[in-house]
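# Survey of secondary and tertiary structure
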Amino acid sequence: MVITTTVTIASSMNQFGKRAGDTVYDACSGILKKALNYTRVDMQLGFESYFEVNRSKFGKVKTIVNRFQPVELVDIYEDSEFEIEESSQRVTESEIFYSEKYEKTIITGTAGSGKSFFMKRSFLRFCEGEGERIPVFLELRKINSSGESIFESIVEQFTPHISFFDRDFVKELFSHGRAIIFLDGYDELYANMKPKVSKQIDELAYNFPRLRIVVSGRPDERFAAWNEFTELNIAPLNKKRCLSLIAKSQFPNDLRDRFYKNVEESIYESHISYLQNPLMTYVMLFTSDQFVEFPNDIGTFYYKAFETLFRGHDVMKSGEYQREVLCPIKMKDLEAVVGYFCAISFLEERYDYTPEKAIFYLKKAIKLAELNVSPDDLLIDLAKNYCMLVVDGGKYNYIHRTFQEYFAASCLSLTEIIDYYEYNDSIIQKNIDSERYIKILSEIGAERFYNKYLIPKLKQFVEEFYVIRNRNPKKLVTSFVQEFGVDELYEVRMIRVSDERKWRRFESSVLNVVNREMFPSLFDIKEDPDIINNIPLKKYHGLTLRIMSFEKTSASQIRKTKIYAHYKSLVDSAKKYLDFLTKRNARLKSIANK
């Protein structure tokens, strides 16, 4: 009877308009209102404003090839494919949203792999009625400044548009599996916010098992502890999908067609590491008329992109567009001030800026670059004329975060003002997502990187091992690992890495990038079963785990574990690499002196 009545009322609302529907709704009892609200959700009545606002917000995007005029995301979007680690299995977009196996999913990928485009396009599909669940999209970086919880941020998205979506109703909506939430950009959270947000996501998954959750971010060790989630990695673009992406790009036809032909005939195979990535494909397209042959180092691509932006090479306007810059400065001066701006803000984990914060960093950068220009005018130039920044929701963002990493690395490779060792060590010890930055830094200024950071750090690493080894082996091991365990339900061996372990961060951020083949990963170890079988049990969300804490384990037990031996092999690898770099330096100096 209730269901029939609520459907009839909902239908009357649809036929006679919102005012008549609200009058009927107000006259209902509490129980009937609740039933009616669910019917409104099922029929998606009253959601027009919510959907329209979000379609307007996320439906158009700017890219490096469409800097002045936003384009419809649907027109340039190339469907993604996904991989499960250590498996040949491919997963499609539709499986993520409709298969029971993927109720809780983490989408990982390197910079520029298309994570945010995938998240936005998927959210819009639900707004357009392709799925039955009510979609929610939250950019996690906004929590950095708001300090609100994920749940509160979600409720606030609904309340301006749908009056009955209060905290209690949203909880019921989640409990009944009638929503899907997209949490975009876990990697853009400040380092000190990640544990807090990670806990909130874990609690959402545990408290609302029927709620579908999709999280995106660069690969992160914390994801291993999210037991409810399946981690899927965005698959690299194959040649067919790469060509499709280029064909869809809204770029001048002659340049686009010439680049398409080059990729089709030859350069996909020779530059596959770039053309498997959507962002780098766009960067190559954007700079395609600057090269006779495409280079193999990433720094050259970004420099050419910067040069093209600076010179006003507005190919979208076919030479007719003339910019009026407010700060007519030389290219090398702009490179210097943007470099300082990016280096300072990257160290402070700032990836977007209020106007006031952007001016604050620009004032510092202008002083360091010893320029006499207006920070207010330069900010306008960076956004409107050079298109290095874009305005989104009242904040300034990079056209892509990798540009901040490139300019920070470029600045550190040139300046003597910032302490090279201290800066890079701070980046790593703060646990900032830095692999891309380190890769660029080691490419565009290799000698400086080796001599001013890597060699001193490796020496410290080796020296600490020999000092501590005989005094306190327990401290030695815990400088890498906090604990390890076995999930008895899924028979998964796990490593739990503490955020305070400085050498673990050095290993993951630097050695992974610089010379991976010489350094066995910490995660390749095999725990000693005799130790595991004697460790105490702990409960985690109802799952029984065997956990061994090294803080409570004797030195003799630690020496028996494979982890200790693995640590020693890592140190031996560091010594070997250090010896190689030292001999290389001596050889090069000898050549130079001759």
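Here's a quick rundown of the structure. (Residues numbered from 1 in each chain as written. Predicted model: local features only at pLDDT ≥ 70, side-chain atom pairs only at ≥ 80, totals over all residues. Heavy atoms only, no water.)

## Quick word on the sheet that holds strand S10 (residues 352-353)
- Here we have three strands laid out as an open sheet, ordered S10-S12-S11, and antiparallel in their pairing. A single partner strand is all that each edge strand has here, and the edge strands are S10 and strand S11 (389-392).
- As defined by bridge partners, S10 adjoins strand S12 (residues 395-398) across two bridges and the pair is classed as antiparallel. In the sheet register, tyrosine 353 faces S12, and the bridge partner there is tyrosine 396. (Pairing = 2+ DSSP bridges. Helix = DSSP H or I, 4+ residues; strand = E, 2+ residues; numbered from the N terminus.)

## Some details on the state of the cysteines
- Evaluation of the coordinates by the stated rule reveals zero disulfides.
- Its sulfur unpaired, cysteine 411 is 8.7 Å from the next cysteine sulfur, which belongs to cysteine 342.
- Classification of cysteine 411 by relative accessible area gives buried; the value is 7%. (Disulfide = S-S within 2.5 Å. Buried < 20%, exposed > 50% of the residue type's maximum accessible area, 1.4 Å probe, protein only.)

## Topic: unusual backbone geometry
- Positive phi, close to 60°, is recorded for glutamate 349, a residue that is not glycine.
- By the element assignment, glutamate 349 lies in the loop between helix H17 (331-347) and S10.

## Description of the packing of aromatic side chains
- Per the stated rule, a full pass over the model turns up 37 aromatic pairs.
- Measuring from ring centre to ring centre gives 5.7 Å for tyrosine 50 and phenylalanine 51, while their planes differ by 55°; the resulting arrangement is tilted.
- Classification of tyrosine 50 as buried rests on a relative accessible area of 0%.
- Take phenylalanine 51: its relative accessible area is 6%, and that puts it in the buried class. (Phe/Tyr/Trp six-rings, centres within 6.5 Å; stacked < 30°, edge-to-face > 60°.)

## Quick notes on the pattern of salt bridges
- On inspection of all chains with the given rule, the structure shows 31 salt bridges.
- The salt bridge involving glutamate 72 is made with lysine 60; its shortest N-O contact spans 4.0 Å. One end of the pair, glutamate 72, is in strand S2 (residues 66-72); the other, lysine 60, is in strand S1 (residues 60-63), and twelve residues separate them in sequence.
- You can call lysine 60 partly exposed: its relative accessible area is 47%. (Salt bridge = Lys/Arg side-chain N within 4 Å of Asp/Glu carboxyl O.)

## Regarding the environment of lysine 142
- Structurally, the position occupied by lysine 142 is in helix H8 (residues 142-146).
- Judged by relative accessible area, which is 32%, lysine 142 ranks as partly exposed.
- Remark: the alpha-carbon pair of lysine 142 and glycine 185, spanning 43 residues in sequence, is separated by 9.9 Å.

## Remarks on the pairing of S1
- Alternating positions in S1 separate cleanly, Val61 and Thr63 being buried on one face and Lys60 and Lys62 remaining unburied on the opposite face.
- Where S1 lies against S2, three bridges are found, and the strand directions are antiparallel. Each residue of the ladder has a partner; that of threonine 63, found in S2, is asparagine 66.
- Counting the residues between successive antiparallel strands, the hairpin from S1 to S2 contains two residues.

## Looking at the sheet that holds strand S6 (residues 134-139)
- Taken in spatial order, the seven strands make up an open sheet running S4-S3-S9-S5-S8-S7-S6, and their pairing is mixed. Two strands close off the open sheet at either side, each with one partner strand: strand S4 (90-91) and S6.
- Relative to strand S8 (residues 212-217), strand S5 (residues 104-108) runs parallel, the two sharing five bridges. Across the sheet, the residue bridging to isoleucine 106 is valine 215, located in S8.

## What about empty space enclosed by the protein?
- The full count for this structure, using the stated rule, is two cavities of 30 Å³ or more.
- Considering only enclosed or pocket space, the largest cavity measures out at about 60 Å³ in volume.
- Taken together, the elements giving at least two residues each to the lining of the largest cavity come down to H17 and helix H20 (401-414).
- Here the lining of the largest cavity is built from residues that sort into nine nonpolar, one polar and no charged. (1 Å grid on protein atoms, 1.4 Å probe; cavity = no way out; pocket = protein on both sides within 12 Å on 5 of 7 lines; lining within 4 Å. Points joined across faces, edges and corners; volume = space filled by probe spheres on them. Nonpolar A, V, L, I, M, F, W, Y, C, P; charged D, E, K, R; others polar.)

## A word on the layout of surface pockets
- Its volume calculated, the second largest pocket comes out at about 1200 Å³.
- Lining the second largest pocket are 49 residues, and of these Ser116, Phe117, Lys120, Ile399 and His400 sit closest to its centre.
- Where the lining of the second largest pocket is concerned, the elements lending two or more residues are helix H4 (48-58), S1, helix H7 (115-127), S8, helix H12 (239-248), helix H15 (278-286), S11 and S12.
- Partitioning the lining of the second largest pocket into residue classes produces 22 nonpolar, twelve polar and 15 charged.

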